[in-house]
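Single-letter residue listing:
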Amino acid sequence: METTEYRPGLEGVVAAETRISYLDVEHEEIVVRGYNLLDLINEKTYVDVLGLLIHERLPGDAERARLEQELKAAQVPAAVWEILGKLPASMHAMDRLRTAVSALAGFDPEADSPDPERERAKGVRLVAQVATIVANLTRVAQGQAPVLPDPQLGFAENFLYMITGRRPDAAEARAFDQALIAYSEHEMPNSTFTARVIASTLSDVYGALTGAVASLKGPLHGGANEAVAHMLLEAGDVDGLERLIRDKLARKERIMGFGHRVYMRKFDPRALLLKQTLARLVDERGDAEGKKWLAMCQRGEDVMREEKGLYPNLDYYAAPIYYVLGIPIELYTPIFFAARTAGLVAHVVEQHAQNRLYRPRVRYLGPRGLKA
């Protein structure tokens, strides 16, 4: 049945039936395969959530150990590092990542296999490969050799170790792991929709994820966390941030890190949880710079609530966590993609299992009856 109703940005349009996740705004709950995402962040690890998303169940001890081994066994082909090394260092990190994800397909003889179990196996491997690539994007662009995973470390520890070049302490690893879970799945944002549209043509998971990288690069989607970090650095201190925000509002400029198409004028529950994570991290480390960033974020939150009735989204508090952990700002959005890879794979597998090609219509506003 066709409808002529036009919804700009497809706002409010139900585009898929899914068993993966749902944003229950009324009850302020993010449901992931039946679990509250906030409970998963507090009680589980990213590897647990990876198993939940891709294999549709939380892993037991033995299965978690197998997943960890699968992640450690996944290697990035040497040719992919060579390709990355030939790209201009001036390219945005997400553009370099997009090229790398696409290139991975050429080294997978089962790239086009539609078998669900093989797609799930590819998905676990992709999570590890993408994390290793993301961690080394800056390093390879500078002509340095990549830091490869340490087999003695768990997934989140390894990811952070490859980025910073040093082993994280328990507080750092836990904060990073919680941020990864927070980004792992979020229903149907633009990048997930992009992946499902591509998958609906029966294209492979690499193609779907390549499109998702391109979508996630935009500042209205994944790029917001980078923008938040630059805003905080530009402001310098608490009073500076208030002045900066008020000046931007006076010029009717967008303040990145606030508002969300689904949550509208409610607090993104992930942001509230990561605010607590940031507070614990800087308190445990006695980090003066981190405490300043926490105070700045609180002032910015207060100003935006008073002036616009808007609340922070996930990017607003993820950015200072990454900064305190010593992560280069250009990697913030690639890390978002690395964390979201598990959720994207789950959506591609589900799309292929109950496929219907996406083919919407338009409302035509152009002329008619012109003669050549």
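Here, the structure is the one placed above.
I will try to describe carefully the structure that is included in this document. (Residues numbered from 1 in each chain as written. Predicted model: local features only at pLDDT ≥ 70, side-chain atom pairs only at ≥ 80, totals over all residues. Heavy atoms only, no water.)

A look at the overall build of the protein chain
Quick note on the threshold: We count a stretch as a helix when DSSP gives it H or I for four or more residues in a row; a strand needs E for two or more, and each element gets its number in order from the N terminus. The rule is simple: take the accessible area with a 1.4 Å probe, protein chains only, and divide by the maximum for that residue type; under 20% is buried, over 50% is exposed, in between is partly exposed. We call two residues in contact when some of their heavy atoms are within 4.5 Å. Here the accessible surface of atoms and residues is derived via Shrake-Rupley with a 1.4 Å probe, and residues count as covered only by protein chains that are part of the display. Only four residue types enter the charge count, namely Lys and Arg as positive and Asp and Glu as negative; His and the chain termini do not. Where a charge sits is defined by one atom per residue type, namely NZ (Lys), CZ (Arg), CG (Asp) or CD (Glu).
If you tally the helices and strands in the protein chain, you get 16 helices and 3 strands. Taken over the C-alpha atoms alone, the protein chain extends approximately 60 × 60 × 45 Å along its principal axes. Among the 372 residues that make up the protein chain, the fraction classed as buried is 52%. In the protein chain, once contacts between residues fewer than 6 apart in sequence are set aside, the share between residues at least 24 apart is 74%. Taken as a whole, the protein chain presents about 17600 Å² of accessible surface, with 51% of it coming from carbon and sulfur. One way to put it: in the protein chain the 46 positive side-chain charges average out to a point 5 Å from where the 51 negative ones average out.

Details of the pattern of salt bridges
Opposite charge on two side chains makes pairing possible when the charged atoms of those side chains draw close. Put simply, the rule is: When a carboxyl oxygen of Asp or Glu lies within 4 Å of a side-chain nitrogen of Lys or Arg, that pair is called a salt bridge.
Considering all chains together, one arrives at 28 salt bridges under this definition. Measuring nitrogen to oxygen at the nearest pair gives 3.6 Å for the salt bridge that ties Asp287 to Arg285. You can call Arg285 partly exposed: its relative accessible area is 31%. Here the salt bridges do not stand alone but share partners, grouping Asp239, Glu242, Arg246, Arg299 and Glu307 into one network.

As for the sheet that holds strand E3 (residues 35-36)
So the rule is basically this: Here, any two strands with at least 2 DSSP bridges between them count as paired.
With antiparallel pairing, 3 strands are arranged side by side in an open sheet as E1-E2-E3. The sheet terminates laterally at strand E1 (21-24) and E3, the two strands that pair on one side only. Pairing of E1 with strand E2 (residues 29-32) involves 4 bridges; the strand directions are antiparallel. Across the sheet, Leu23 pairs through a bridge with Ile30, a residue of E2.

Considerations on the environment of Ala318
Counting through the fold element by element, Ala318 comes out in helix H15 (residues 314-324). Separated by 138 residues in the primary sequence, Ala318 and Leu180 place their C-alpha atoms 9.5 Å from one another.

Quick notes on unusual backbone geometry
Its identity is not glycine, yet Arg33 carries a phi of approximately 45°, on the positive side. Looking at where Arg33 falls in the secondary structure, it is placed in the loop between E2 and E3. You can call Arg33 buried: its relative accessible area is 17%. Phi angles above zero are rare outside glycine, and Glu56 is one such case at about 70°. Within the element layout of this structure, Glu56 appears in the loop between helix H2 (46-55) and helix H3 (61-73).

Some thoughts on helix H16 (residues 332-353)
Rules: Given the number of residues in a helix, its expected span is that number minus one, multiplied by 1.5 Å.
Look at H16: 32 Å from first C-alpha to last across 22 residues, which is about the 32 Å you get at 1.5 Å a residue. For H16, the buried fraction is high: 21 of the 22 residues fall into the buried class.

So, the packing of aromatic side chains
What counts, and what does not: Stacked, tilted and edge-to-face are the three classes assigned to paired rings of Phe, Tyr and Trp, where Trp is represented by its six-membered ring and a pair needs centres within 6.5 Å; plane angles under 30 degrees give stacked, over 60 edge-to-face, the rest tilted.
Following the criterion strictly, the structure yields 10 aromatic pairs and no others. Centre to centre, the rings of Phe258 and Tyr316 are 4.5 Å apart; their planes meet at 55°, and the pair counts as tilted. You can see Phe258 sitting in the loop between helix H12 (238-250) and helix H13 (269-285) and its partner Tyr316 sitting in helix H15, a full 58 residues away along the chain. Exposure remark for Phe258: the relative accessible area of 8% places this residue in the buried category. With a relative accessible area of 0%, Tyr316 lands in the buried category. Arranged with centres 5.1 Å apart and planes meeting at 85°, the rings of Tyr316 and Tyr317 form a pair that is edge-to-face. Taken together through their ring pairs, the aromatic side chains of Tyr46, Phe155, Phe159, Phe176, Tyr322 and Tyr332 make up a single cluster.

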